[in-house]
2 protein chains.
Amino acid sequence: MIKILLDAMGGDDAPAATCQGAVLALANDKELYLILTGKKAEIENELAKYKYDKSRLEIVDCPDVIGMNDSPTEAVKRKESSLMSAYWMLKKEDDIGAFVTAGSTGAAIVGGQLILGRIKGIKRPALCPAIPNSRGGVTLLCDCGANAECKPLMLCQFAVLASAYAEVGFGANTPKVGLLSNGTEEHKGDPLHQETYTCLSKMNGINFVGNVEGRDIMLSGCDVVVADGFSGNIALKSIEGCGKLVLGVLKKELSATVSSKIGYLFIRKAIKRMRSQLDFEKFGGALLLGLKKVVVKSHGSSKPSTIAASIANAASIYRNGLVPAVEKKLEAVDFSALVPEES
Amino acid sequence: MIKILLDAMGGDDAPAATCQGAVLALANDKELYLILTGKKAEIENELAKYKYDKSRLEIVDCPDVIGMNDSPTEAVKRKESSLMSAYWMLKKEDDIGAFVTAGSTGAAIVGGQLILGRIKGIKRPALCPAIPNSRGGVTLLCDCGANAECKPLMLCQFAVLASAYAEVGFGANTPKVGLLSNGTEEHKGDPLHQETYTCLSKMNGINFVGNVEGRDIMLSGCDVVVADGFSGNIALKSIEGCGKLVLGVLKKELSATVSSKIGYLFIRKAIKRMRSQLDFEKFGGALLLGLKKVVVKSHGSSKPSTIAASIANAASIYRNGLVPAVEKKLEAVDFSALVPEES
């Protein structure tokens, strides 16, 4: 049995979406045990709508809910909130392996750092979503928003974190790592990226393939694209916006004429297959890498299926030993020699 | 008659694509006069394939061609190259209004600065493409790669340059300007973007609407998105990669089954309309804003239709007075008071 925590109050449609997601996840994985944190009465009310194995779900009553606009540094003090309670349990109880929340990203990051804590040696945690690519697989983009300001050491550690995730989560063998820049040549970028390029080139256990451009996130052969959180966030959101616009225009044009409406009946399944291939939420949310346990930050607008996917992904990478894999990779690198000025 | 220079040797398919593009442009605009720089014999050879008004085209023989991988600072010395010759003519001859090149971006930027020169008061030129958006119009993304390292003053000036382009090129009325960041809140981003936010808020003649995210480039109501060249480039290329992947998967799925192949026959026109709406090259290449004359940097892989669109866009914004519009906007702002540390 594997125990996973779910912040039942996190997300736009909580606790309805989280509770339904929990029920889906339990049905898909018979070895899963879920602990839901949040307002017990509301959660019970939602769960009453479904049939599920009650022996594998418990609720921890938390009277407080952190809002999307609450200050993360203030929120971290609210121990009775569904999010921070979960972090405290995650920290204290050895048999809980992972935590899933669709709540405030900022609060999840600050709570993760201050309550749960970072893996020894890791400077900062990073947000790492899995983005569909042209090989039919995913590219891990790390960091995509936890750190607006970065230093070379942080970017080098993101390479370690995401490489371990690529191996453990997606079976990548010596995952290829690119550095997101404004061109592929070695000298491209600002001093931060130029220095990071040099450090990544020298790192043990990292299969660094050089600079990559924004287009390479979806089109190249990279398993991992390392980015500072500022431009990583911009890349992720730009991709999101473009995908939304293209699918929107397609939908509009397919319903624009009689001919296209007829055609749609024939291509409905093709469109469905396309959508499934391009689905960002197949694996649920972004991992919050670098913490002492597995934490998945699901999108605020997560549907029940996204919550279920986040739980399944969290369970899978916990089982496959993400944190030990990171620790092993960290042992191979002497960061103080690699990036002397920051040691 | 309006005189425009075309670097006939710039781009992957030059001079074939540039010559055919020139012929197309001449046919579409009877008031256009083109000067092609490049290897005369090769150009004549290409032009011989088409019928066109020979009285409105001249060739200036340039024996040298700057390659895509040549160092821009070395390239700028090669006065006999098709690119630098064009800049020298643009600088010397008052009656030439604009210049189009699909050659090396770096060489075009350095040549523009060192030979043609910047508009008085402008610190750095910026690359500004027009990106299709959900309103059926375009969003101008400025800068998207000319300046990997920026200062607040530069970003504020990009707002001036792109606002003038939005007015003159696309008829925008008090164009809405967003600042590309990793979130919409005022405090988002690194110190560069935080400081830029403050400066943009105080600027006369700029309709600043606050921070925008990557998704807002295509989905928001902004006419202009101001970006440092590093993250602007990443946004542009991420959009490019996503668009390519989505259309690629759609194409694959539409030809995957008998049913979808039949459907395709009915939706062919819908797909064509979609492609036209999402066409990045409808207006040709990116403007190289901030120089003393209109310069359009067309994509290296430009087709003849892209070259023709770049020429048409260059002609249109020259006619509508881009440079005077920028100068007028600059008069309204006292940059030394706005960004004191950089005056």
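Structure: see above.
Quick summary incoming for the structure in this document. Keep in mind it's a predicted model, so treat the numbers as computed, not measured.

## Let's talk about the overall build of chain A
Part 1: Per the secondary structure count, chain A includes 13 helices and 12 strands.
Part 2: Here the C-alpha atoms of chain A give a radius of gyration of 21 Å, agreeing with the 20 Å that 2.2 N^0.38 yields for 343 residues.
Part 3: For chain A, the C-alpha atoms occupy an extent of roughly 60 × 60 × 35 Å along the three principal directions.
Part 4: Classification of the 343 residues of chain A by burial places 59% in the buried group.
Part 5: Looking at chain A alone, contacts between residues at least 24 apart form 72% of all its contacts between residues at least 6 apart.

## Observations concerning empty space enclosed by the protein
Residue and element names in this part refer to chain A.
Part 1: Within this structure, the stated rule accounts for 5 cavities of 30 Å³ or more.
Part 2: Split by residue class, the lining of the largest cavity holds 11 nonpolar, 1 polar and 1 charged.
Part 3: Those elements giving two or more residues to the lining of the second largest cavity turn out to be β11 (286-289), β12 (294-297) and α12 (322-331).

## Description of the packing of aromatic side chains
Residues and elements named next belong to chain B.
Part 1: What the rule picks out here adds up to 9 aromatic pairs over all chains.
Part 2: For the ring pair Phe-170 and Phe-283, a centre distance of 4.9 Å and an interplane angle of 90° mean the geometry is edge-to-face. Of this pair, Phe-170 sits in helix α6 (residues 152-170) while Phe-283 sits in the loop between α10 (258-277) and β11 (286-289), and the two are 113 residues apart along the sequence.
Part 3: Judged by centre distance (5.2 Å) and plane angle (80°), the ring pair of Tyr-197 and Phe-208 falls under edge-to-face.

## Overview of the relation of the copies chain B and chain A
Part 1: Between the two copies, chain B and chain A, the superposition gives an RMSD of 0.0 Å; the rotation angle is 180° and the shift along the axis is 0.0 Å. These values place the two chain copies in the arrangement generated by a two-fold rotation axis. Residues of chain B ranked by C-alpha distance from the rotation axis are headed by Gly-263 of chain B, positioned 2.1 Å from it.
Part 2: Both copies share a contact surface, since 100% of the interface residues of chain B are interface residues in chain A too.

## Notes on the nonpolar core
Part 1: Membership of the largest hydrophobic core comes to 105 residues, with the highest contact counts inside it found for Met-84, Tyr-87 and Leu-141 of chain A together with Met-84, Tyr-87 and Leu-141 of chain B.
Part 2: The biggest single contributor to this core is helix α9 (residues 229-254) of chain B, with 12 residues.
Part 3: Setting aside its immediate chain neighbours within four residues, Tyr-87 of chain B contacts Phe-99, Ala-107, Ala-108, Gly-111, Gly-112, Ile-115, Leu-116, Leu-288, Leu-291 and Val-295 of chain B.

## What about the interface of chain B and chain A?
Part 1: The interface of chain B with chain A comprises 55 residues on the first partner and 55 residues on the second.
Part 2: Carbon and sulfur atoms make up 71% of the surface buried where chain B meets chain A, a total of about 4600 Å² over both sides.
Part 3: Broken down residue by residue, the surface that chain B buries against chain A is led by Phe-230, Leu-245 and Phe-266 of chain B, which jointly contribute 14%.
Part 4: On inspection of chain B and its partner chain A, the count reaches 6 salt bridges.
Part 5: Across the pair Arg-215 of chain A and Glu-240 of chain B runs a salt bridge, and its minimum N-O distance is 3.2 Å.

## Digging into helix α1 (residues 16-28) of chain A
Residue and element names in this part refer to chain A.
Part 1: With 13 residues, α1 ought to run about 18 Å at 1.5 Å a step, and its terminal C-alpha atoms sit 19 Å apart, in line with that.
Part 2: Within α1, the full set of buried residues consists of Ala-17, Thr-18, Cys-19, Gly-21, Ala-22, Val-23, Ala-25 and Leu-26.
Part 3: Along its buried surface, α1 packs onto β1 (2-7), β2 (32-38), α2 (40-47), β3 (57-61) and α11 (304-319).

## A closer look at the pairing of strand β8 (residues 176-180) of chain B
Residue and element names in this part refer to chain B.
Part 1: Of all 5 residues making up β8, 4 are buried, and the element is well covered by its neighbours.
Part 2: As judged from the 5 bridges shared by β8 and strand β9 (residues 207-212), these two strands associate in the parallel manner. Along β9, the bridge assignment pairs Val-177 with Phe-208.
Part 3: In this region the chain leaves β8, passes through helix α7 (residues 191-202) and returns to the parallel neighbour β9; the handedness of that crossover is right-handed.
Part 4: Two strands pair when backbone bridges link them, and β8 and strand β10 (residues 224-226) are joined in this way by 3 bridges, in the parallel orientation.

## Brief notes about the packing of α1 of chain A against α11 of chain A
Residues and elements named next belong to chain A.
Part 1: One can describe the packing of α1 onto α11 by two numbers: an axis separation of 7 Å at closest approach and a directional angle of 50°. Judged by the inter-axis angle, α1 sits oblique to α11. For the pair α1 and α11, the sense of crossing is right-handed. Residues Ala-17, Thr-18, Gln-20, Gly-21, Ala-22, Leu-24 and Ala-25 of α1 touch α11, and the partners they reach there are Pro-304, Ser-305, Ile-307, Ala-308 and Ile-311.
Part 2: Residue composition of the contact of α1 with α11, grouped by class: 8 nonpolar, 4 polar and no charged.

## Details of the pairing of β1 of chain A
Residues and elements named next belong to chain A.
Part 1: β1 sits mainly inside the fold: 5 of its 6 residues count as buried.
Part 2: Where β1 meets β2, 6 bridges bridge the pair, whose relative direction is parallel. Considered in β2, the bridge of Leu-5 is made with Ile-35.
Part 3: Handedness of the crossover joining β1 and β2 through α1: right-handed.
Part 4: In this structure, β1 lies alongside strand β4 (residues 96-101), joined through 4 bridges in parallel fashion. Bridge pairing in β4 places Leu-6 opposite Val-100.

## Observations concerning the pattern of salt bridges
Part 1: Under the counting rule described, the total for this entry stands at 26 salt bridges over all chains.
Part 2: Lys-77 of chain A is the salt-bridge partner of Glu-74 of chain A, the closest N and O atoms lying 3.3 Å from each other.
Part 3: Using a relative accessible area of 46% as the deciding quantity, one classes Glu-74 of chain A as partly exposed.
Part 4: Put simply, Lys-252 of chain B and Glu-253 of chain B hold a salt bridge, and the shortest N to O gap is 3.7 Å.
Part 5: With a relative accessible area of 46%, Lys-252 of chain B lands in the partly exposed category.

## What about the sheet that holds β8 of chain B?
Residues and elements named next belong to chain B.
Part 1: Read from one edge to the other, the open sheet built from 5 strands follows the order β6-β7-β10-β8-β9, with strand pairing classed as mixed. Of all strands in the sheet, those with a lone pairing partner are β6 (130-132) and β9, marking the two edges. Adjacent strand axes in the sheet meet at a mean angle of 30°, parallel and antiparallel pairs treated alike.

Procedures and definitions
Residues numbered from 1 in each chain as written. Chains lettered and ligands numbered in written order. Predicted model: local features only at pLDDT ≥ 70, side-chain atom pairs only at ≥ 80, totals over all residues. Heavy atoms only, no water. Helix = DSSP H or I, 4+ residues; strand = E, 2+ residues; numbered from the N terminus. Rg over C-alpha atoms; globule rule 2.2 N^0.38 Å. Buried < 20%, exposed > 50% of the residue type's maximum accessible area, 1.4 Å probe, protein only. Contact = heavy atoms within 4.5 Å. 1 Å grid on protein atoms, 1.4 Å probe; cavity = no way out; pocket = protein on both sides within 12 Å on 5 of 7 lines; lining within 4 Å. Points joined across faces, edges and corners; volume = space filled by probe spheres on them. Nonpolar A, V, L, I, M, F, W, Y, C, P; charged D, E, K, R; others polar. Phe/Tyr/Trp six-rings, centres within 6.5 Å; stacked < 30°, edge-to-face > 60°. Least-squares fit on C-alpha atoms with pLDDT ≥ 70 in both. Core = buried A, V, L, I, M, F, W, Y, C linked by side-chain atoms within 4.5 Å. Buried area = accessible area lost by both parts, 1.4 Å probe. Salt bridge = Lys/Arg side-chain N within 4 Å of Asp/Glu carboxyl O. Expected span 1.5 Å × (residues − 1). Pairing = 2+ DSSP bridges. Right-handed = clockwise from strand over helix to strand, strands pointing away. Axes fitted to C-alpha atoms, helices over the stretch in contact; angles between N-to-C directions. Parallel < 35°, antiparallel > 145°, perpendicular 65-115°, else oblique. Left-handed = near helix turned anticlockwise from the far one by under 90°.

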